[in-house]
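One-letter residues, chain by chain:
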Amino acid sequence: MNNSDKNAESAETIVPLVQRLRCSLAQSGLRRERDQVQELAAELGVEVLDCAAALLRLLTPPAEPVVQTLPSNPPVNKAAIRMVRYRLDVGSKHQLNIETLKKVLVEESGVDKNNINNVNIHGLYTLIELPDAMPPDIFQHLKLVEINQRKLDIRRVKNRNNKRRGYPQGRRDKSRSPKNPSLQTAIEPSSSEAV
(Lines give C-alpha, C1' and ligand atoms only; values in the text may rest on other atoms or scores of the structure.)
Protein backbone atom coordinates (compact mmCIF):
# COMPACT_ATOMS: atom_id res chain seq x y z
CA MET A 1 0.00 0.00 0.00
CA ASN A 2 1.55 3.32 -1.02
CA ASN A 3 1.37 6.58 0.95
CA SER A 4 -1.55 8.03 -1.06
CA ASP A 5 -3.64 4.92 -0.29
CA LYS A 6 -2.77 5.17 3.40
CA ASN A 7 -3.66 8.86 3.46
CA ALA A 8 -7.01 8.23 1.73
CA GLU A 9 -7.84 5.43 4.19
CA SER A 10 -6.84 7.63 7.11
CA ALA A 11 -8.98 10.52 5.82
CA GLU A 12 -12.02 8.22 5.49
CA THR A 13 -11.61 7.17 9.12
CA ILE A 14 -10.96 10.67 10.49
CA VAL A 15 -13.86 12.58 8.86
CA PRO A 16 -16.67 10.80 10.77
CA LEU A 17 -14.57 10.92 13.93
CA VAL A 18 -14.08 14.69 13.63
CA GLN A 19 -17.84 15.15 13.27
CA ARG A 20 -18.52 13.05 16.34
CA LEU A 21 -15.89 14.94 18.34
CA ARG A 22 -17.38 18.30 17.35
CA CYS A 23 -20.79 17.18 18.59
CA SER A 24 -19.30 15.95 21.87
CA LEU A 25 -17.36 19.18 22.41
CA ALA A 26 -20.46 21.29 21.71
CA GLN A 27 -22.66 19.44 24.22
CA SER A 28 -21.11 20.23 27.59
CA GLY A 29 -17.94 20.53 29.63
CA LEU A 30 -15.52 17.65 29.66
CA ARG A 31 -14.19 18.14 33.18
CA ARG A 32 -15.05 14.64 34.39
CA GLU A 33 -13.60 13.00 31.26
CA ARG A 34 -10.41 15.08 31.50
CA ASP A 35 -9.97 13.99 35.10
CA GLN A 36 -10.49 10.36 34.11
CA VAL A 37 -7.91 10.56 31.31
CA GLN A 38 -5.39 12.19 33.66
CA GLU A 39 -6.02 9.50 36.30
CA LEU A 40 -5.64 6.73 33.71
CA ALA A 41 -2.42 8.26 32.38
CA ALA A 42 -1.02 8.58 35.90
CA GLU A 43 -2.00 5.00 36.76
CA LEU A 44 -0.43 3.68 33.55
CA GLY A 45 2.63 5.90 33.88
CA VAL A 46 2.24 7.42 30.40
CA GLU A 47 1.74 10.87 28.94
CA VAL A 48 -1.85 12.17 28.76
CA LEU A 49 -1.60 12.38 24.96
CA ASP A 50 -0.49 8.72 24.74
CA CYS A 51 -3.38 7.71 26.98
CA ALA A 52 -5.83 9.67 24.79
CA ALA A 53 -4.37 8.03 21.67
CA ALA A 54 -4.82 4.57 23.20
CA LEU A 55 -8.43 5.42 24.09
CA LEU A 56 -9.00 6.60 20.52
CA ARG A 57 -7.66 3.29 19.21
CA LEU A 58 -10.13 1.45 21.45
CA LEU A 59 -13.04 3.56 20.21
CA THR A 60 -12.38 3.44 16.47
CA PRO A 61 -13.72 0.28 14.81
CA PRO A 62 -11.18 -2.09 13.31
CA ALA A 63 -10.94 -2.29 9.52
CA GLU A 64 -11.81 -6.00 9.49
CA PRO A 65 -13.66 -8.02 12.11
CA VAL A 66 -11.35 -9.85 14.48
CA VAL A 67 -12.24 -13.19 16.00
CA GLN A 68 -10.75 -13.74 19.43
CA THR A 69 -10.87 -17.19 20.94
CA LEU A 70 -10.02 -18.08 24.48
CA PRO A 71 -9.21 -21.74 25.11
CA SER A 72 -11.47 -23.53 27.53
CA ASN A 73 -10.40 -23.32 31.16
CA PRO A 74 -12.49 -26.07 32.74
CA PRO A 75 -13.23 -25.69 36.42
CA VAL A 76 -11.50 -28.02 38.83
CA ASN A 77 -14.69 -30.00 39.53
CA LYS A 78 -16.12 -30.14 36.01
CA ALA A 79 -18.56 -32.95 36.80
CA ALA A 80 -20.30 -30.79 39.41
CA ILE A 81 -20.96 -27.83 37.07
CA ARG A 82 -22.99 -28.26 33.90
CA MET A 83 -22.09 -25.62 31.31
CA VAL A 84 -24.54 -24.04 28.86
CA ARG A 85 -23.77 -22.19 25.61
CA TYR A 86 -25.04 -18.60 25.31
CA ARG A 87 -25.05 -15.98 22.55
CA LEU A 88 -24.41 -12.30 23.33
CA ASP A 89 -25.33 -9.50 20.91
CA VAL A 90 -21.96 -7.78 21.21
CA GLY A 91 -18.77 -8.56 19.32
CA SER A 92 -15.45 -7.25 18.05
CA LYS A 93 -17.16 -4.53 15.95
CA HIS A 94 -18.39 -3.12 19.27
CA GLN A 95 -14.80 -3.03 20.63
CA LEU A 96 -15.40 -6.06 22.86
CA ASN A 97 -12.44 -7.97 24.24
CA ILE A 98 -12.26 -11.04 26.46
CA GLU A 99 -10.98 -9.24 29.55
CA THR A 100 -13.77 -6.64 29.47
CA LEU A 101 -16.42 -9.30 28.91
CA LYS A 102 -15.20 -11.43 31.81
CA LYS A 103 -14.98 -8.41 34.11
CA VAL A 104 -18.55 -7.33 33.31
CA LEU A 105 -19.94 -10.87 33.73
CA VAL A 106 -18.20 -11.30 37.09
CA GLU A 107 -19.42 -7.90 38.34
CA GLU A 108 -22.99 -8.15 37.04
CA SER A 109 -23.80 -11.83 37.58
CA GLY A 110 -21.38 -12.93 40.31
CA VAL A 111 -20.20 -15.89 38.23
CA ASP A 112 -16.73 -17.18 39.07
CA LYS A 113 -14.19 -16.05 36.45
CA ASN A 114 -12.98 -19.66 36.13
CA ASN A 115 -16.49 -20.73 35.09
CA ILE A 116 -16.55 -18.50 32.00
CA ASN A 117 -15.43 -20.86 29.24
CA ASN A 118 -15.06 -21.13 25.46
CA VAL A 119 -15.34 -17.42 24.69
CA ASN A 120 -15.59 -16.91 20.91
CA ILE A 121 -15.84 -13.23 19.93
CA HIS A 122 -17.08 -12.72 16.37
CA GLY A 123 -17.82 -9.48 14.51
CA LEU A 124 -21.39 -8.87 15.72
CA TYR A 125 -21.89 -11.48 18.43
CA THR A 126 -20.11 -13.62 21.00
CA LEU A 127 -20.56 -17.27 21.98
CA ILE A 128 -19.74 -18.21 25.56
CA GLU A 129 -20.26 -21.03 28.05
CA LEU A 130 -21.57 -20.25 31.55
CA PRO A 131 -22.82 -22.45 34.40
CA ASP A 132 -26.35 -23.83 33.90
CA ALA A 133 -27.50 -22.88 37.39
CA MET A 134 -27.94 -19.18 36.52
CA PRO A 135 -30.94 -17.75 38.44
CA PRO A 136 -33.70 -16.29 36.20
CA ASP A 137 -33.39 -12.80 37.72
CA ILE A 138 -29.64 -12.70 36.94
CA PHE A 139 -30.35 -13.95 33.40
CA GLN A 140 -32.94 -11.16 32.89
CA HIS A 141 -30.51 -8.60 34.32
CA LEU A 142 -27.76 -9.71 31.89
CA LYS A 143 -30.12 -9.12 28.95
CA LEU A 144 -30.10 -5.40 29.83
CA VAL A 145 -26.42 -5.00 30.79
CA GLU A 146 -24.46 -2.89 28.28
CA ILE A 147 -20.87 -3.06 27.12
CA ASN A 148 -19.75 -0.04 25.05
CA GLN A 149 -23.36 1.17 24.73
CA ARG A 150 -24.50 -2.22 23.37
CA LYS A 151 -26.91 -4.50 25.28
CA LEU A 152 -25.74 -8.06 25.85
CA ASP A 153 -29.23 -9.46 25.10
CA ILE A 154 -28.04 -12.88 26.30
CA ARG A 155 -29.81 -15.91 24.82
CA ARG A 156 -29.35 -19.62 25.38
CA VAL A 157 -28.09 -21.48 22.30
CA LYS A 158 -30.04 -24.63 21.53
CA ASN A 159 -28.01 -27.81 21.45
CA ARG A 160 -27.97 -29.28 17.92
CA ASN A 161 -26.98 -32.76 19.15
CA ASN A 162 -30.53 -33.47 20.34
CA LYS A 163 -32.02 -33.40 16.83
CA ARG A 164 -32.89 -36.74 15.24
CA ARG A 165 -31.58 -37.02 11.72
CA GLY A 166 -32.17 -39.64 9.06
CA TYR A 167 -33.96 -42.93 9.60
CA PRO A 168 -34.66 -44.41 13.01
CA GLN A 169 -32.00 -46.89 14.13
CA GLY A 170 -34.13 -50.02 13.68
CA ARG A 171 -35.23 -49.29 10.11
CA ARG A 172 -31.75 -49.44 8.57
CA ASP A 173 -31.05 -52.91 9.95
CA LYS A 174 -34.15 -54.55 8.44
CA SER A 175 -33.82 -56.46 5.19
CA ARG A 176 -35.19 -54.91 2.01
CA SER A 177 -37.19 -57.94 0.86
CA PRO A 178 -40.76 -57.27 -0.33
CA LYS A 179 -43.43 -57.35 2.34
CA ASN A 180 -45.68 -59.62 0.30
CA PRO A 181 -43.79 -62.41 -1.53
CA SER A 182 -46.88 -63.26 -3.63
CA LEU A 183 -46.54 -59.90 -5.44
CA GLN A 184 -43.19 -60.98 -6.87
CA THR A 185 -44.68 -64.11 -8.51
CA ALA A 186 -47.62 -62.13 -9.88
CA ILE A 187 -45.23 -59.91 -11.79
CA GLU A 188 -43.23 -62.75 -13.35
CA PRO A 189 -44.65 -63.78 -16.75
CA SER A 190 -46.28 -67.16 -16.87
CA SER A 191 -45.03 -69.81 -19.28
CA SER A 192 -48.25 -69.63 -21.35
CA GLU A 193 -47.73 -65.88 -22.03
CA ALA A 194 -44.20 -66.41 -23.29
CA VAL A 195 -45.41 -68.37 -26.35
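Heads up: the structure comes first, above all this text.
All figures in this text were calculated on a predicted structure; none of them were measured in a lab.

What counts, and where the lines are drawn
- Residues numbered from 1 in each chain as written.
- Predicted model: local features only at pLDDT ≥ 70, side-chain atom pairs only at ≥ 80, totals over all residues.
- Heavy atoms only, no water.
- Helix = DSSP H or I, 4+ residues; strand = E, 2+ residues; numbered from the N terminus.
- Buried < 20%, exposed > 50% of the residue type's maximum accessible area, 1.4 Å probe, protein only.
- Contact = heavy atoms within 4.5 Å.
- Areas by Shrake-Rupley, 256 points an atom, 1.4 Å probe, with all protein chains shown as cover.
- Pairing = 2+ DSSP bridges.
- Patch = residues over 30% accessible without salt bridge, like charges linked within 9 Å, V, L, I, M, F, W, Y side chains within 5 Å.
- Salt bridge = Lys/Arg side-chain N within 4 Å of Asp/Glu carboxyl O.
- Phe/Tyr/Trp six-rings, centres within 6.5 Å; stacked < 30°, edge-to-face > 60°.
- Axes fitted to C-alpha atoms, helices over the stretch in contact; angles between N-to-C directions.
- Parallel < 35°, antiparallel > 145°, perpendicular 65-115°, else oblique.
- Left-handed = near helix turned anticlockwise from the far one by under 90°.
- Nonpolar A, V, L, I, M, F, W, Y, C, P; charged D, E, K, R; others polar.
- Core = buried A, V, L, I, M, F, W, Y, C linked by side-chain atoms within 4.5 Å.

Regarding the overall build of the protein
Reasoning step 1: Within the protein, the regular secondary structure consists of seven helices and seven strands.
Reasoning step 2: Ordered by position from the N terminus, the helices and strands of the protein form the series α-α-α-β-β-α-β-β-α-β-β-β-α-α.
Reasoning step 3: Across the 195 residues that make up the protein, the buried fraction comes to 21%.
Reasoning step 4: For the protein, long-range pairs separated by at least 24 residues make up 70% of all intrachain contacts whose partners lie at least 6 apart in sequence.
Reasoning step 5: As displayed, the protein offers around 15,400 Å² of accessible surface, 52% of which is attributable to carbon and sulfur atoms.

Some details on the pairing of strand β3 (residues 117–121)
Reasoning step 1: For β3, a buried count of four out of five residues is recorded, marking the element as mostly surrounded by other parts of the structure.
Reasoning step 2: Note: β3 against strand β4 (residues 126–131), three bridges, orientation antiparallel. Bridging from a neighbouring strand, isoleucine 121 pairs with threonine 126 of β4.

Observations regarding a nonpolar patch on the surface
Reasoning step 1: Taken together, the side chains of Leu40, Leu44 and Val46 make up a nonpolar region of the molecular surface, amounting to roughly 260 Å² of accessible area.
Reasoning step 2: Counting through the fold element by element, leucine 40 comes out in helix α2 (residues 31–44).
Reasoning step 3: Leucine 40 sits in the partly exposed class, given a relative accessible area of 36%.

A look at the packing of aromatic side chains
Reasoning step 1: Counted according to the given criterion, the structure contains one aromatic pair.
Reasoning step 2: Ring geometry for tyrosine 86 and phenylalanine 139: centres 6.0 Å apart, planes at 45 degrees, overall tilted. Pair noted here: tyrosine 86 is in strand β2 (residues 83–88) and phenylalanine 139 is in helix α5 (residues 136–144), with a separation of 53 residues, a long-range link. Side by side, tyrosine 86 and phenylalanine 139 carry an identical accessibility label, which is buried.

Points about the packing of helix α4 (residues 98–109) against α5
Reasoning step 1: Close contact between α4 and α5 brings their axes to 10 Å; oriented N to C, the two are set at 135 degrees. Regarding the angle of α4 to α5, the classification is oblique. The hand of the α4/α5 crossing is right-handed. Packed against α4, whose contacting residues are Leu105, Glu108 and Ser109, the element α5 presents Ile138, His141 and Leu142 at the interface.
Reasoning step 2: Of the residues assigned to the contact of α4 with α5, the class counts are three nonpolar, two polar and one charged.

With respect to unusual backbone geometry
The general pattern is negative phi for most residues beyond glycine and trans for most peptide bonds.
Reasoning step 1: Positioned with a positive phi, glutamine 95 is a non-glycine residue whose angle comes to about 60 degrees.
Reasoning step 2: Summarising the element assignment, glutamine 95 is placed in the loop between β2 and α4.
Reasoning step 3: Here glutamine 95 falls in the partly exposed class, since its relative accessible area comes to 25%.
Reasoning step 4: In this model, asparagine 118 sits at a positive phi of 45 degrees, which is unusual for a non-glycine residue.
Reasoning step 5: Here asparagine 118 lies in strand β3.
Reasoning step 6: Take asparagine 118: its relative accessible area is 23%, and that puts it in the partly exposed class.

So, the environment of leucine 124
Reasoning step 1: Relative to the assigned elements, leucine 124 resides in the loop between β3 and β4.
Reasoning step 2: Note: C-alpha distance between leucine 124 and aspartate 89 (35 residues apart in sequence) is 6.6 Å.
Reasoning step 3: With near-sequence residues (within four places) excluded, leucine 124 lies in contact with Leu88, Asp89, Val90, Gly91, Lys93 and His94.

With respect to the nonpolar core
Reasoning step 1: Core analysis: the biggest nonpolar cluster contains 22 residues, and Tyr86, Leu101, Leu105, Ile128, Leu130, Leu152 and Ile154 have the highest contact counts within it.
Reasoning step 2: Listing elements by their share of this core, those giving two or more residues are β2, α4, β3, β4 and α5.
Reasoning step 3: Per-element accounting of this core gives the leading share, four residues, to α4.
Reasoning step 4: Apart from the residues within four sequence positions on either side, leucine 130 is in contact with Arg82, Met83, Val84, Tyr86, Leu105, Asn115, Ile116 and Ile154.

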